[in-house]
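Reading the structure
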Amino acid sequence: MANVMLVANLNCDRVLQLKESLQAGGRHHYQDLGRRLGGGGANTGLALVYAGHHVALVSQVGRDETADWLLAEASLKGLNCSLLQRNDIVTPELMLLMTPDGERTIIRPERPAFSLGPAPDFSLWDGIYINSSAEGIAQWATNALEQDVGACGNSKKSVLVVAQLPKSLSRRPCQVLITSRSDLDAHILSSDSPSSVNDIGPFEYAKTVAGESLEYFIVTDGEKGATAYSQAGQEYVPAVETEVVDTTGAGDAYAAGVIHGLLAKLSITEAMAVAAKWAAIAVATPSSVPGDEFKAFLAR
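Since the structure is predicted, the reported quantities are computational estimates derived from the model, not experimental observations.

**Looking at helix α3 (residues 137-145)**
Burial in α3 covers these residues: I137, W140, A141, T142 and A144. Contacts made by the buried residues of α3 are with β1 (3-8), β4 (54-58), β9 (127-131) and β10 (160-164).

Here is the structure:
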């Protein structure tokens, strides 16, 4: 069992099942499937909890009834919520519009600013996963990468730092950076000079975000599989074929699989193979949060 810190969102998802695909200007009927735990904090965190890790979540919620429900649900399922901040904000419900083909559209309000305090003692942690644009996250990541736990100042503990490519152009120091093909394309288009970005290659582009500590840049592409770019070249791992029921949380499950594999000292391709299996289970079940199907898979 490893100690893993997740800096990621904890959401209350309101799931609306549509009877047909979304069309601009259309009129759509839906079935309200109620609210459920969501966000990268829950989706990635619970997969790691069920795999035997101790997971603490760093995020913020309000002081309202929705926040009370989130904390109760997350804690009951095994997430350590002691590092969550409760601030004077409204905890909204995110609208998940699900279409019959399993695709989803997310509607949410702008997130309030979230500021991290001083960096914690990372000697207590084996890994940190970053899927948040909280203020101060780059400094936390840098501190984790430079963690020194030797009594005489000469012995270092390696802390695994895995991060998602941010939506913005902010820095996100890490050893492993993950994104989807569509998010990478959007990130490139938002850069100052997308044409020159395409010329330097995926790994060098990722280093402009993650810095010199970067070892691998993983780009997922749904059923087409995923590619890990590194200084040495690139390696491809295929997706696991499955029936798609709900794509929500697939990327979060994939990240959890990568983290689990690397903490177990697997190679990058072996960790990606674990991630592909976990993501396949996620899309084949009608929930973004890992459940009985995932537990049954781990018990085999």
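The structure having been displayed, the exposition proceeds.
**Observations concerning the pattern of salt bridges**
Taken as a whole, this structure holds 8 salt bridges when the rule is applied. A salt bridge links R14 to E93, with the shortest nitrogen-to-oxygen separation between them at 3.1 Å. Taken as a pair, R14 in strand β2 (residues 11-18) and E93 in strand β7 (residues 93-98) lie far apart in primary sequence, 79 residues in all. By relative accessible area, which is 26% here, E93 ends up partly exposed. Residues E212 and K207 are paired through a salt bridge, measuring 3.3 Å at the closest nitrogen-oxygen approach. By relative accessible area, E212 is classed as exposed at 68%. A network of salt bridges, in which partner residues are shared, links R14, D32 and E93.

**A short note on helix α7 (residues 250-263)**
Taking 1.5 Å as the rise per residue, α7 with 14 residues should run 20 Å; its terminal C-alpha atoms sit 20 Å apart, in good agreement. Among the 14 residues that make up α7, 12 are buried, leaving the element largely enclosed by the rest of the structure. Listed in full, the buried residues belonging to α7 are A250, D252, A253, Y254, A255, A256, G257, V258, I259, G261, L262 and L263. Positive phi appears at K265, one or two residues downstream of α7, with a value of about 70°.

**Thoughts on the state of the cysteines**
Under the definition given, this model contains 0 disulfides. A disulfide-free cysteine, C12 has its sulfur positioned 14 Å from the sulfur of C81, the nearest such atom. On the basis of relative accessible area, C12 is assigned to the buried category, the value being 0%.

**Structural notes on the environment of Y205**
By the secondary structure assignment, Y205 is in helix α6 (residues 202-210). Classification of Y205 as buried rests on a relative accessible area of 6%.

**With respect to the nonpolar core**
Ranked by size, the top nonpolar core spans 50 residues in total, and within it L10, I218, Y254, V258 and M272 carry the most contacts. It is helix α8 (residues 268-283) that contributes the most residues to this core, 8 residues altogether. Those residues in contact with Y254 that lie beyond four places of it in its chain are I218, T220, A226, M272, A275, A276 and A279.

**Concerning unusual backbone geometry**
The phi dihedral of K265 falls on the positive side, at around 70°, and the residue is not glycine. Relative to the assigned elements, K265 resides in the loop between α7 and α8. Judged by relative accessible area, which is 73%, K265 ranks as exposed.

**Some points on the sheet that holds β1**
Read from one edge of the open sheet, 8 strands run β4-β1-β9-β10-β11-β12-β13-β14, paired in mixed fashion. At either end of the open sheet lies a strand with only one pairing partner, and these are β4 and β14 (233-237). Sheet twist, expressed as the mean angle between neighbouring strand axes with direction ignored, is 20°. Direction of pairing for strand β11 (residues 176-180) relative to strand β12 (residues 216-220): parallel, over a ladder of 5 bridges.

**Quick notes on the packing of α8 against helix α9 (residues 292-299)**
Closest axis-to-axis distance for the α8/α9 pair is 9 Å, and the angle between their directions is 145°. α8 and α9 meet at a crossing whose hand is right-handed. In this structure, α8 uses K277, W278 and I281 to contact α9, whose residues at the interface are E293, F294, F297 and L298. In terms of residue class, the contact of α8 with α9 is made up of 5 nonpolar, no polar and 2 charged.

**Focus on the pairing of strand β13 (residues 226-230)**
For β13, the tally of buried residues reaches 5 of 5 residues, placing the bulk of the element in the interior. Burial along β13 is two-sided: the face carrying A226, A228 and S230 and the face carrying T227 and Y229 are both buried. Where β12 and β13 come together, 4 bridges link them in antiparallel fashion. Residue V219 lies in a different strand from β13, and its bridge partner there is T227. Linking β12 to β13, which pair antiparallel, is a turn of 5 residues; within it G222 sits at a positive phi near 55°. Both β13 and β14 contribute to a ladder of 5 bridges, which runs antiparallel. Following the sheet pairing, A226 is matched in β14 by V237. Remark: 2 residues form the turn of the hairpin made by β13 and β14, two consecutive strands paired antiparallel.

**Considering the packing of aromatic side chains**
Overall, the coordinates contain 3 aromatic pairs when judged by the stated rule. Ring centres of F122 and W140 lie 6.3 Å apart, and the angle between their planes is 75°; this geometry places the pair in the edge-to-face category. Here W140 lies in helix α3 and F122 lies in the loop between β8 (104-107) and β9, a separation of 18 residues in the sequence. Here F122 falls in the buried class, since its relative accessible area comes to 1%. For the ring pair W278 and F294, a centre distance of 4.9 Å and an interplane angle of 85° mean the geometry is edge-to-face. In this pair, W278 is assigned in helix α8 and F294 in helix α9, connecting sequence segments 16 residues apart.

About the thresholds
- Residues numbered from 1 in each chain as written.
- Predicted model: local features only at pLDDT ≥ 70, side-chain atom pairs only at ≥ 80, totals over all residues.
- Heavy atoms only, no water.
- Buried < 20%, exposed > 50% of the residue type's maximum accessible area, 1.4 Å probe, protein only.
- Helix = DSSP H or I, 4+ residues; strand = E, 2+ residues; numbered from the N terminus.
- Contact = heavy atoms within 4.5 Å.
- Salt bridge = Lys/Arg side-chain N within 4 Å of Asp/Glu carboxyl O.
- Expected span 1.5 Å × (residues − 1).
- Disulfide = S-S within 2.5 Å.
- Core = buried A, V, L, I, M, F, W, Y, C linked by side-chain atoms within 4.5 Å.
- Pairing = 2+ DSSP bridges.
- Axes fitted to C-alpha atoms, helices over the stretch in contact; angles between N-to-C directions.
- Left-handed = near helix turned anticlockwise from the far one by under 90°.
- Nonpolar A, V, L, I, M, F, W, Y, C, P; charged D, E, K, R; others polar.
- Phe/Tyr/Trp six-rings, centres within 6.5 Å; stacked < 30°, edge-to-face > 60°.

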